[in-house]
Amino acid sequence: MHFNFSFYSAILLIFFSQGIIFSFLLLKKSIISLSRPSKWLSFFIFLCAIYLLPWMLGFAGWYSLQPYRDIMFYIPFQQLFLIGPAIYFYTQSLLNPSFKFKRKDWLHLVPAILYITYRLVIFATDKIILQQYYFYANGKDKNLDTWYQIAGFISMLIYFLLSLRYYTIYKKIILQTLSFADTLLFNWIKKYLVAFLLMQFLWLIFFLFYPGWGNFKEKWWYYISFSFLMYYVGITGYTNNIKSLIPFRISGIQNKPVYLLENTNDEIELTDSIEIELKEQSAETINPHIEEWKTKITNAIEAEDLYKNPALTLVAIATVLKTNQTVISKMINQGFKMNFNDFINNYRIEAVKQLLQNGEHKKQTLLGISIDCGFNSKTTFNRCFKKNTGMSPKEFIENLQNIS
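Residues numbered from 1 in each chain as written. Predicted model: local features only at pLDDT ≥ 70, side-chain atom pairs only at ≥ 80, totals over all residues. Heavy atoms only, no water.

J.: Just checking my understanding: could you explain the overall build of the protein chain for this structure?
T.: Counting secondary structure elements, the protein chain contains 16 helices and three strands. Projecting the C-alpha coordinates of the protein chain onto the three principal axes gives extents of approximately 85 × 45 × 40 Å. The buried share among the 404 residues of the protein chain stands at 47%. In the protein chain, the proportion of contacts linking residues at least 24 apart, taken out of those at least 6 apart, comes to 70%. A total accessible area of about 20,700 Å² is found for the protein chain, and carbon and sulfur atoms account for 61% of it. With 39 positive and 27 negative side-chain charges, the protein chain shows a spacing of 7 Å between the two charge centroids. (Helix = DSSP H or I, 4+ residues; strand = E, 2+ residues; numbered from the N terminus. Buried < 20%, exposed > 50% of the residue type's maximum accessible area, 1.4 Å probe, protein only. Contact = heavy atoms within 4.5 Å. Areas by Shrake-Rupley, 256 points an atom, 1.4 Å probe, with all protein chains shown as cover. Lys, Arg positive; Asp, Glu negative; His and termini not counted. Charge placed at Lys NZ, Arg CZ, Asp CG, Glu CD.)

J.: Teacher, can you tell me more about a positive patch on the surface here?
T.: Residues Arg36, Lys39, Lys100, Lys102 and Arg249 make up a contiguous surface patch of positive charge. When you line up the elements, Arg36 lands in helix α2 (residues 36-51). (Patch = residues over 30% accessible without salt bridge, like charges linked within 9 Å, V, L, I, M, F, W, Y side chains within 5 Å. Salt bridge = Lys/Arg side-chain N within 4 Å of Asp/Glu carboxyl O.)

J.: Explain helix α9 (residues 220-239) to me, please; I cannot follow it from the model alone.
T.: Along an α-helix, a turn takes 3.6 residues, which lines up residues three or four apart on a common side. Counted at 1.5 Å a residue, the expected span for α9 with its 20 residues is 28 Å, and the 29 Å between its end C-alpha atoms agrees. Along α9, the positions that sit buried rather than exposed are Trp220, Tyr222, Tyr223, Ile224, Phe226, Ser227, Leu229, Met230, Val233, Gly234 and Gly237. On the buried face of α9, the contacting elements are α1 (7-33), α2, α3 (53-59), α7 (146-177) and α8 (187-209). (Expected span 1.5 Å × (residues − 1).)

J.: Help me understand the packing of α1 against α2 in this model?
T.: Relative orientation and spacing of two packed helices are given, respectively, by the angle between their axes and the distance between those axes. Interhelical geometry of α1 versus α2 gives an angle of 165° and a closest axis separation of 8 Å. One way to sum up the angle between α1 and α2 is to call them roughly antiparallel. Pair α1 / α2 crosses with left-handed handedness. Across the interface between the two elements, Phe16, Gly19, Ile20, Phe22, Ser23, Leu26, Leu27, Lys29 and Ser30 of α1 pack against Ser38, Lys39, Leu41, Ser42, Ile45, Phe46, Ala49 and Ile50 of α2. (Axes fitted to C-alpha atoms, helices over the stretch in contact; angles between N-to-C directions. Parallel < 35°, antiparallel > 145°, perpendicular 65-115°, else oblique. Left-handed = near helix turned anticlockwise from the far one by under 90°.)

J.: For this particular structure, what's the right way to read the packing of aromatic side chains?
T.: Two measures describe an aromatic ring pair: the distance that separates the ring centres and the angle between the ring planes. For the structure on display, the rule yields 57 aromatic pairs. When the ring of Phe81 is compared with that of Tyr115, the centres are 6.2 Å apart and the planes differ by 85°; the resulting orientation is edge-to-face. With Phe81 in helix α5 (residues 80-95) and Tyr115 in helix α6 (residues 110-129), the pair connects residues that are 34 residues apart, well separated along the chain. Owing to a relative accessible area of 11%, Phe81 belongs among the buried residues under this scheme. One cation-aromatic arrangement involves Lys296 over Trp293; the distance from NZ or CZ to the ring centre is 4.6 Å. One residue, Arg348, lies across the ring of Phe375, its end atom 5.9 Å from the ring centre. (Phe/Tyr/Trp six-rings, centres within 6.5 Å; stacked < 30°, edge-to-face > 60°. Lys NZ or Arg CZ within 6 Å of the ring centre and 35° of its normal.)

J.: Is there a simple way to explain the side chain of Gln200 in this structure?
T.: Among the structural elements, Gln200 can be located in helix α8. For Gln200, a relative accessible area of 3% gives the class buried. A distance of 3.0 Å separates a polar side-chain atom of Gln200 from the backbone oxygen of Phe196. What Gln200 contacts, discounting residues up to four positions off in sequence, is Phe153, Met156, Leu157 and Phe160. (Polar contact = N/O pair within 3.5 Å; in protein donor to acceptor, adjacent residues only side chain to side chain.)

J.: Help me understand the environment of Glu302 in this model?
T.: Within the element layout of this structure, Glu302 appears in helix α10 (residues 290-303). Judged by its relative accessible area of 42%, Glu302 falls in the partly exposed class. Note: C-alpha distance between Glu302 and Leu80 (222 residues apart in sequence) is 55 Å.

J.: Please clarify how empty space enclosed by the protein should be interpreted in this entry.
T.: Which parts of space are left empty comes out when a probe the size of a water molecule is rolled across the atoms. By the definition in use, this model includes two cavities of 30 Å³ or more. What the largest cavity holds in volume is close to 70 Å³. Taken together, Tyr51, Leu80, Gln149, Phe153, Met156, Met199, Gln200, Trp203, Tyr222 and Phe226 make up the lining of the largest cavity. Secondary-structure elements contributing two or more residues to the lining of the largest cavity are α7, α8 and α9. Volume-wise, the second largest cavity comes out at about 40 Å³. (1 Å grid on protein atoms, 1.4 Å probe; cavity = no way out; pocket = protein on both sides within 12 Å on 5 of 7 lines; lining within 4 Å. Points joined across faces, edges and corners; volume = space filled by probe spheres on them.)

J.: Mind showing me how you'd approach α8 here?
T.: With 23 residues, α8 should cover 33 Å at 1.5 Å per step; its first-to-last C-alpha distance of 32 Å lies within 8% of that length. Along α8, the residues that are buried comprise Trp188, Ile189, Tyr192, Leu193, Ala195, Phe196, Met199, Gln200, Trp203 and Phe206. Tucked into the core, α8 has its buried residues touching α2, α5, α7 and α9.

J.: In this structure, what is going on with the layout of surface pockets? I would like to understand it.
T.: Empty space within the second largest pocket amounts to approximately 530 Å³. Lining the second largest pocket are 24 residues, with Leu34, Ser35, Arg36, Pro37 and Lys243 positioned closest to its centre. Within the residue set of the lining of the second largest pocket, elements represented by two or more residues are α1, α2 and α5. Among the residues forming the lining of the second largest pocket, the class breakdown is ten nonpolar, ten polar and four charged. (Nonpolar A, V, L, I, M, F, W, Y, C, P; charged D, E, K, R; others polar.)

Encoded structure:
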């Protein structure tokens, strides 16, 4: 096989090879661990790797030699309409254990299917019907057409926004249902979405402002930047092992209601719905029994020190009070003006403050005290303490010593 090794082709070859390797490893991981997210990330990394091919093989001399020139012309290596949906489905599968690719999801692939059909028409016309260049009479690769590159950029930007919206809804759900939401906020999602946005941002900057963008050789600088981002997403995504715990289903395009689901005999079934929008309620919509519910919730939590359970959930509180999580969620939101996660963490902080005032910090570490009060993360404890008191735990202790 012809391959002209040069500085430009060799560097891109390294990243292309690494992309294919990570794609294979992620696919293997998805098969062994039955992980849907790994499967979608494998697909995304594969698409990113073959996205490099027109430039890698172009620098290797394929555009100037047959039959390689026709391979470059007629195989649509850059699947720009698939990259966006791949990252969107990866986001859904990572955040939602109930996510499955369904018939309606094929609508997201219609632009890619239409583009592939268009490329098949080009191939059939040039190579089978006319047996000469017709669409390729100008000798320019259709992969690199400006209209396609711009349309692909718009597609990826749209799916970035859809993924960001999905993550925002997910955050609201876990903050209203789990007392340990911080451990499932998935900093990895923020990182790969930022990396995905940078892929688009760099393309836009090069396209609009780089004077050498029209030159094939000068585009190498964009593709090497893209390669580094692809490599980062691949290696970091492979090492991510955090799994979401809350199956849910979004109703339509609105943020509410969100249907919470549960696993029953390996099947995911609808159990309840929950309002995820925290907003001021009018007097007409406030539950008339709100004060009664506030007392019930407070008594239930304080009587058994439920907040000390680091894995406390909204369902557990609802079970104690013999009602459903929708009712408890609304009562906490309306009555205490905060989400469930903040509500329970405030109890934990008050317990920590009481122990510190009693001198418990002289007997054990701050981490030990925070764990005894229900926290399972030093980072979460420090953040919540600062939010509640306006000072760090050490500053709080120093303040106590100054008072005494």
